[in-house]
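What the coordinates show
Okay, here's what each chain looks like letter by letter:
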Amino acid sequence: MAALVAPAVQASAVPSQASLDRLADTLGYRLDVVDNRPACPAGIEACFLSTITLTIPETLPDNLPTQGLSLTFSFVNRLPLVESDIFTHRLINGDVQQLTLKPGVALRPGAKHRIKLWGVGANFSKAFAMPNAYLVADGLKPRTIAATRAVIDPETGLEILPFVAPMTDEARLATKSDTDKTRWLTAERAFDLQAGRQAPEATGIAILPKPAKALQGKGKPLDLGRGIAVMLQGIGREAIAPALAALRGSSVAEGGVVPLAIRVDTAMKPEAYVLDATAEGIAVTARDAAGASYALRSLAQQAAFDNGKLKPLHVEDAPEYGFRGLHIDIGRNFHGRDQILKLVEAMAAYKLNRLHLHLAEDEGWRIEIPALPELAMVGSKRCHDPSEQTCLLPQLGAGPDGTSGVNGYLSVADYVAIVQAAAARQIEVIPSIDMPGHSRAAIKAMEARYARLAAEGKRAEAEQYRLIDPADTTEYRSIQNYSDNTLNVCLPAAYRFVDTVVDALAAMHEQAGAPLKTFHLGADETAGAWVKSPACKAMIAENGGDAGKLTPRFIERVTKSLAAKGLKAGGWSDGMGHTETASLPKKVQTNIWGVLHNGAIREAHDQMNRGWDAVLSIPDLGYFDMPYAPHPDEGGYHWASRGVDPYQVFGFMPGNLPANAATIRNIHAEGKAIEDKPVLQPGHRVVGVQGQLWSETIRTDGQVDYMLFPRLLALAERAWSPAPWTPAYQAGASYEWNDARVDRAKLKAGWQDFAGRVAAQFPMLERMGIAYRVAPPGARIVGGKLEANSMFPGTAIEYRIGDGAWTRYAGPVAVSGAVELRSRSADGKRASRTVRVEPSP
């Protein structure tokens with residue numbers, strides 16, 4: 001998180017790299033979130049207070065540099081005021097901040113300096129802290145402050161930041177005002193919550209997502225240990241190869257004697273299948289390769305659950321929605337080919353069929369474009385280079401040396417391999433390059449290209465892909481606090497850039513044998529750029545003097561260009577909603593990302609009524625970068641929700657958006673009504689749902705797994721299976737919290753069935769290498785007895801008193817004093833975070 005700026009007055013005139021390194025290794029560094037509801041300094045509204053405490057080592061190294069010594073750190077909220085006795089502060093850009101020693105101030109051995117950071121908003125969890133603060137001085141290599149490095153917890157497998165102080169004062173840290181009813185989900189509160197949702201372990205059918213119809217008969221089980229003999233009619237083996245491999249992964253070998261007949265019936269619904277298993281063998285009838293693959297995935301799950309002794313089974317199945325997606329942001333922090341391939345296999349296992357790959361952001365460009373090498377070579381790396389000619393600024397705690405795991409890009413070969421793997425599993429890859437906002441990585445990479453070619457005297461070539469107007473004097477700040485993240489939509493170079501990138505991606509898809517169908521251009525969160533750009537003068541005049549209309553004109557032009565290439569355009573709902581429907585192709589995809597209690601119904605119904613393909617990406621349903629629960633030790637941003645747990649995702653009602661007011665509270669934990677405005681016109685419905693993982697706080701692949709699973713299983717269930725507790729949509733009908741029209745008995749029964757099936761999936765997830773979240777237990781001590789429960793049935797719980805040994809919890813047990821508890825994964829290799837309970841008064 002930081003970089004230190006401060007010279008030592010008594011330092012030698014000959015700066016030493018070793019001295020800077022020694023200071024970085026020994027400097028004490030602690031971050032405290034002090035108060036989310038303090039009395040704010042004059043001129044600052046909605047503030048919160050954090051502090052950095054620096055402890056100067058008792059012995060300062062000799063030859064400390066005196067020129068340009070500074071400390072750089074990341075702070076993701078706006079930071080209008082920093083108070084320090086020895087440092088001055090300046091914002092570099094985005095979240096990168098710099099502290100510099102005041103003139104005449106010396107670092108004193110053993111001294112402690114408390115720096116007050118008055119931010120805007122709140123930090124409700126430790127996830128907002130960023131690692132890798134660093135020191136830099138003139139003529140020397142920057143060095144990360146050792147105390148700010150992240151480490152991996154050997155018990156949980158998750159990254160932790162040891163320099164972040166525990167957050168324990170719920171009264172000052174859980175909310176910003178008394179109107180906010182949010183409370184931390186402590187072990188005691190989790191116990192009460194889970195007590196009403198307890199589920200038995202699965203005993204019959206364990207298939208997930210839940211089939212439309214599934215019956216388990218009586219009779220002799222089919223011994224799959226004898227191996228299967230596959231017979232195909234109307235379908236090639238290559239079309240179902242990954243699903244057959246999954247069946248083998250469930251200890252069902254080929255080359256055996258159990259008949260497995262698979263045939264195609266084109267009269268069925270798309271992706272539908274029928275599966276019959278009797279003592280004589282297995283028969284699958286499917287509409288297409290997708291349906292056949294899904295039948296085999298269901299068979300693999302049930303075979304594993306039945307330990308290879310498959311009971312008579314009849315399944316008739318087809319999806320509720322045709323679009324069942326997962327969005328992965330590898331732009332903010334990079335996650336590579338192997339992780340994505342692992343997720344592709346998991347998507348196929350749970351019948352998801354769209355992979356939305358977010359390939360570029362302000363903080364990183366993650367796909368090789370051969371014609372524009374700077375995009376990958378410069379745009380994929382963050383390091384300490386103020387000129388940004390070799391890398392981007394070290395946003396989000398990337399550190400100074402450019403070697404951390406958050407850096408990187410997909411080569412052409414990597415991307416082709418991902419598209420091929422996805423296509424083999426009937427998954428469409430939708431590449432996303434956000435524009436015109438969120439484009440800082442592309443802009444800076446193209447500036448590096450411009451500088452290289454201009455230095456070679458190739459001015460005209462340099463201008464071809466320059467994405468800014470150097471004469472533009474507009475001042476703005478994006479949501480993420482950038483002053484320069486929006487490409488100029490008035491420049492021909494911008495459209496040349498888009499064409500080049502799209503054509504390169506299309507070529508990769510052709511190489512993979514899976515033609516590109518949809519390109520997602522983002523189109524959201526565009527800051528107030530271009531107002532003073534000479535290049536935009538004419539275009540602004542053409543739009544009635546309103547610079548705000550330039551983004552819609554950009555979207556309209558790009559979508560038409562994509563249509564001319566035979567491609568469907570996708571975008572986020574806020575940007576798409578400002579366009580003129582008549583100026584867009586008839587078929588476009590819009591991802592609805594308004595918050596349920598703040599705009600989701602308006603955006604969704606309006607854009608469905610326009611005839612667009614609306615995909616629900618609502619944060620309350622599927623923003624998996626939000627925390628699982630309101631607790632300072634749960635990772636994730638919280639701008640849309642303080643907690644998105646599997647129960648909430650499972651219970652979501654895509655077919656009647658206002659009805660979700662009955663089961664989902666607003667961001668202040670208040671049950672509020674939701675009006676049905678505008679009403680949804682007859683003949684329109686969502687095309688599907690999509691889960692999102694934005695990666696600002698997700699630096700490791702283990703964190704990706706933790707944040708996605710098991711929530712993604714709940715989303716897969718809602719994408720594939722109806723939610724029978726949903727009341728029929730009635731135009732104009734509003735709903736309130738606990739509205740009786742939502743059948744809570746069916747919801748509870750559905751959850752209990754689902755939770756049992758989820759627990760049965762944990763061994764399969766482990767075989768895929770997915771480190772799913774192990775939820776901490778709920779617990780309480782009443783009358784001297786410890787009681788504990790879990791979110792999912794069969795979860796092993798351990799407890800200890802004081803520093804004693806961990807003991808397996810088997811039921812209520814007498815204890816004295818406070819107790820610590822944790823859960824364990826199905827294979828016993830990982831633990832949940834540890835929780836603590838005190839005896840009730």
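Note: the structure precedes this text.
Below, the structure is looked at part by part. (Residues numbered from 1 in each chain as written. Predicted model: local features only at pLDDT ≥ 70, side-chain atom pairs only at ≥ 80, totals over all residues. Heavy atoms only, no water.)

Focus on the pattern of salt bridges
As a reminder, the rule being used: We define a salt bridge as a contact between a side-chain nitrogen of Lys or Arg and a carboxyl oxygen of Asp or Glu at a distance within 4 Å. Under the DSSP-based scheme used, a helix requires at least four consecutive residues in state H or I and a strand at least two consecutive residues in state E, with every element numbered from the N terminus. Classification of residues uses two cut-offs on accessible area relative to the type maximum, computed with a 1.4 Å probe and protein chains only: under 20% is buried, over 50% is exposed, and between them is partly exposed.
Scanning the entire structure with this criterion turns up 51 salt bridges. Glu363 is the salt-bridge partner of Arg332, the closest N and O atoms lying 3.2 Å from each other. Taken together, the residues span a long stretch of sequence, with Arg332 in the loop between β21 (323–329) and α6 (337–349) and Glu363 in the loop between β22 (354–361) and β23 (364–365) at a distance of 31 residues. Overall, Glu363 belongs to the buried group, its relative accessible area being 4%.

Overview of the sheet that holds strand β34 (residues 813–814)
Rule in force here: By this definition, two strands are paired if DSSP reports at least two bridges between them. By definition, residues are in contact when any of their heavy atoms lie within 4.5 Å. Each axis is a line fitted through C-alpha atoms, taken for helices only over the stretch in contact, and angles between the N-to-C directions span 0 to 180 degrees.
Strand order in the open sheet formed by three strands is β30-β31-β34, with antiparallel pairing between adjacent strands. Since the sheet does not close on itself, it has two edges, and those belong to β30 (778–782) and β34, each with one partner. Bridge analysis of β30 against strand β31 (residues 785–789) gives five bridges, and the strand direction is antiparallel. Bridge pairing links Gly778 to Asn789 in β31. Of the strands in this sheet, β30 and β31 are in contact with helix α3 (residues 187–195), which crosses β30 at around 105°.

Digging into the sheet that holds strand β2 (residues 28–35)
The four strands lie next to each other as β2-β3-β8-β5, forming an open sheet whose pairing is antiparallel. At either margin of the open sheet sits one strand with a lone partner, and together these are β2 and β5 (81–83). Strand after strand, the sheet turns through a mean of 20° between neighbouring axes, direction not considered. For β2 and strand β3 (residues 47–55), the ladder comprises seven bridges, and the chain directions are antiparallel. Residue Leu31 lies in a different strand from β3, and its bridge partner there is Ile52.

Brief notes about helix α20 (residues 744–767)
Because an α-helix packs 3.6 residues into every turn, residues spaced three or four apart end up facing the same way. In plain terms, the rule: Expected span of a helix: the number of residues minus one, times 1.5 Å. The angle separating two fitted axes, one through the seven residues that finish at a residue and one through the seven that start at it, defines the bend at that residue. Here a polar contact is taken to be a pair of N or O atoms separated by no more than 3.5 Å, where protein atoms must pair a possible hydrogen donor with a possible acceptor and residues adjacent in sequence count only if both atoms sit in side chains.
Given a rise of 1.5 Å per residue, 24 residues ought to cover 34 Å, and the 35 Å separating the end C-alpha atoms of α20 matches this to within 8%. At Gln761, α20 shows its strongest bend, of approximately 35°, with the proline Pro763 following within four residues. At the N-terminal end of α20, a side-chain oxygen is found 3.2 Å from the backbone nitrogen of Ala745, two or three residues along, and the residue is Asp743. Looking one or two residues past α20, Gly769 carries a phi angle of roughly 80°, positive in sign.

Considering the packing of aromatic side chains
The geometry of an aromatic ring pair is captured by the separation of the ring centres together with the interplanar angle, meaning the angle of the planes. Put simply, the test is: Whether two aromatic rings pair depends on their centres lying within 6.5 Å, for rings of Phe, Tyr and Trp, where Trp uses its six-membered ring; planes under 30 degrees apart make the pair stacked, over 60 edge-to-face, and the rest tilted.
Here the structure, examined in full by the defined rule, presents 19 aromatic pairs. Arranged with centres 5.9 Å apart and planes meeting at 80°, the rings of Trp593 and Trp639 form a pair that is edge-to-face. Here Trp593, found in the loop between β27 (588–592) and α15 (600–609), pairs with Trp639, found in the loop between α16 (619–622) and α17 (646–651); they are 46 residues apart in sequence, far enough to count as distant. Residue Trp593 is classed as buried on the basis of its relative accessible area, which comes to 14%.

A word on the state of the cysteines
Quick note on the threshold: The definition used for a disulfide is geometric: two cysteine sulfur atoms within 2.5 Å.
Applying the stated criterion across every chain yields a total of three disulfides. Two residues share a disulfide in this structure: Cys490 and Cys536, whose sulfurs sit 2.1 Å from each other. In this structure the cystine formed by Cys490 and Cys536 twists about its S-S bond by roughly 110°; its chirality is therefore right-handed. Taken together, the residues span a long stretch of sequence, with Cys490 in the loop between α10 (459–463) and α11 (492–512) and Cys536 in the loop between β25 (518–522) and α12 (537–542) at a distance of 46 residues. Looking at Cys536, the relative accessible area reads 0%, which means it is buried. Across the protein chain, the disulfide pattern expressed with sequentially numbered bonded cysteines is 1-2, 3-4, 5-6.

Re the environment of Ala796
Within the fold, Ala796 resides in strand β32 (residues 796–800). Taking the C-alpha atoms as reference, Ala796 lies 33 Å from Asp317; in sequence the two are 479 residues apart. With residues near it in sequence (within four places) discarded, Ala796 still touches Arg808, Arg822, Ser823 and Arg824.

A look at the pairing of β22
To be explicit about the condition: For crossovers, right-handed means that the path from the first strand over the helix to the second runs clockwise, given strands pointing away from the viewer.
Of all eight residues in β22, eight are buried, a share of seventy percent or more. Pairing geometry for β21 and β22, over five bridges, is parallel. Within the sheet, the bridge partner assigned to Ile328 lies in β22 and is Leu357. Each parallel crossover has a hand, and the one from β21 via α6 to β22 is right-handed. Alignment of β22 against strand β24 (residues 428–435), held across six bridges, turns out to be parallel.

Considerations on the side chain of Asn666
Assignment of secondary structure puts Asn666 in the loop between α17 and β29 (688–693). Reaching out from Asn666, the side chain makes a polar contact with the backbone nitrogen of His668 at a distance of 2.9 Å.

Some thoughts on the pairing of strand β15 (residues 228–233)
Two strands pair when backbone bridges link them, and β15 and strand β16 (residues 258–264) are joined in this way by six bridges, in the parallel orientation. In the sheet register, Met231 faces β16, and the bridge partner there is Ala261. Between the parallel pair β15 and β16, the chain is carried across by helix α4 (residues 241–249), and the sense of this crossover is left-handed.

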